[in-house]
Amino acid sequence: MQLNSSPWAARQLLISQRLRQRRTDLRLTQLDVVSRLAGLGVQTSNRALSSLERGAGVDVAKLPELAAALECTVTYLIGLTVDPAHWEPDPAPVARPRKARPPVARRRRAGGSRPAAPAEAPAPSLIIGADVPERDLRLGAGTP
């Protein structure tokens, strides 16, 4: 099994890219982020943060603290929204209707019936939780 082809590997890569991009957008060094994480009770090192930014697996239990240290939401870090301040995921892209094709003559199967079209399953909801608090995302501001 190739790791790069799995949805989990793609999500890990996206999180790594978002961590680095957000840190650089805020003009923070890795040491700054490590210091912010320490203030939130998460002990880590520059080397560990560097590994996360290069694609090492992210401990999902640390995502809320990483988000707080980087002044963004978990939803942003995991790629469900493009706005670092939004909790709610972006709407799913709307599927474009297919162009109508002219009918093609097909041979019928023995027995004379057509196979039933597979039913489309509804897309799963990606909302993290219904009771997400409104709060100021700056480090140390707002309510816990």
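Residues numbered from 1 in each chain as written. Predicted model: local features only at pLDDT ≥ 70, side-chain atom pairs only at ≥ 80, totals over all residues. Heavy atoms only, no water.

### Remarks on the pattern of salt bridges
Put simply, the rule reads: Salt bridge, as applied in this entry: a Lys or Arg side-chain nitrogen positioned within 4 Å of an Asp or Glu carboxyl oxygen. Numbering of helices and strands runs from the N terminus, with a helix taken as a DSSP run of H or I at least four residues long and a strand as a DSSP run of E at least two residues long.
Going through the model one piece at a time under the given rule, you end up with three salt bridges. Salt-bridge contacts for R20 lead to E53; the nearest nitrogen and oxygen are separated by 3.8 Å. Separated by 33 residues along the polypeptide, R20 in helix 1 (residues 7-25) and E53 in helix 3 (residues 46-53) bring together distant segments of the chain.

### Some remarks on the packing of helix 2 (residues 30-39) against helix 3
This is how the line gets drawn: Under this scheme, a helix contributes an axis fitted over its contacting stretch, all axes are lines through C-alpha atoms, and angles between N-to-C directions fall in the 0 to 180 degree range. With respect to orientation, any angle under 35 degrees is reported as roughly parallel, any angle over 145 as roughly antiparallel, any angle of 65 to 115 as roughly perpendicular, and every other angle as oblique. By the convention used here, residues are in contact when the closest approach between their heavy atoms is within 4.5 Å. Gly falls in the polar group here, along with every residue not listed as nonpolar (Ala, Val, Leu, Ile, Met, Phe, Trp, Tyr, Cys, Pro) or charged (Asp, Glu, Lys, Arg).
In contact at an axis separation of 9 Å, helix 2 and helix 3 are set at 110 degrees when each is read in the N-to-C sense. Compared by their axis directions, helix 2 and helix 3 come out roughly perpendicular. Packed against helix 2, whose contacting residues are Q30, L31, V33 and V34, the element helix 3 presents N46, L49, S50 and E53 at the interface. Here the residues of the contact of helix 2 with helix 3 are counted per class, giving four nonpolar, three polar and one charged.

### Observations regarding the packing of aromatic side chains
Threshold: Any two rings among Phe, Tyr and Trp, with Trp reduced to its six-membered ring, count as a pair given centres within 6.5 Å; such a pair is stacked if its planes are under 30 degrees apart, edge-to-face if over 60, and tilted if neither. Two limits define a charge over a ring: the Lys NZ or Arg CZ must be within 6 Å of the ring centre, and within 35 degrees of the ring normal.
Taken as a whole and assessed by the stated rule, the structure comprises zero aromatic pairs. One cation-aromatic arrangement involves R18 over Y76; the distance from NZ or CZ to the ring centre is 4.4 Å.

### Here's the deal with the nonpolar core
For clarity, the cut-off: Buried Ala, Val, Leu, Ile, Met, Phe, Trp, Tyr and Cys residues form a nonpolar core when they are joined through side-chain atoms within 4.5 Å. Each residue gets one of three labels from its accessible area relative to the maximum for its type: buried under 20%, exposed over 50%, partly exposed in between, using a 1.4 Å probe on protein chains only.
The biggest cluster of nonpolar side chains holds 21 residues, and the ones touching the most others in it are L19, V33, V58, L63, L66 and L77. Where this core is concerned, the elements lending two or more residues are helix 1, helix 2, helix 3, helix 4 (63-69) and helix 5 (74-77). Looking at this core element by element, the count peaks at four residues for helix 4. Once residues within four sequence positions are removed from consideration, L66 is found in contact with L19, L37, L52, V58 and L77.

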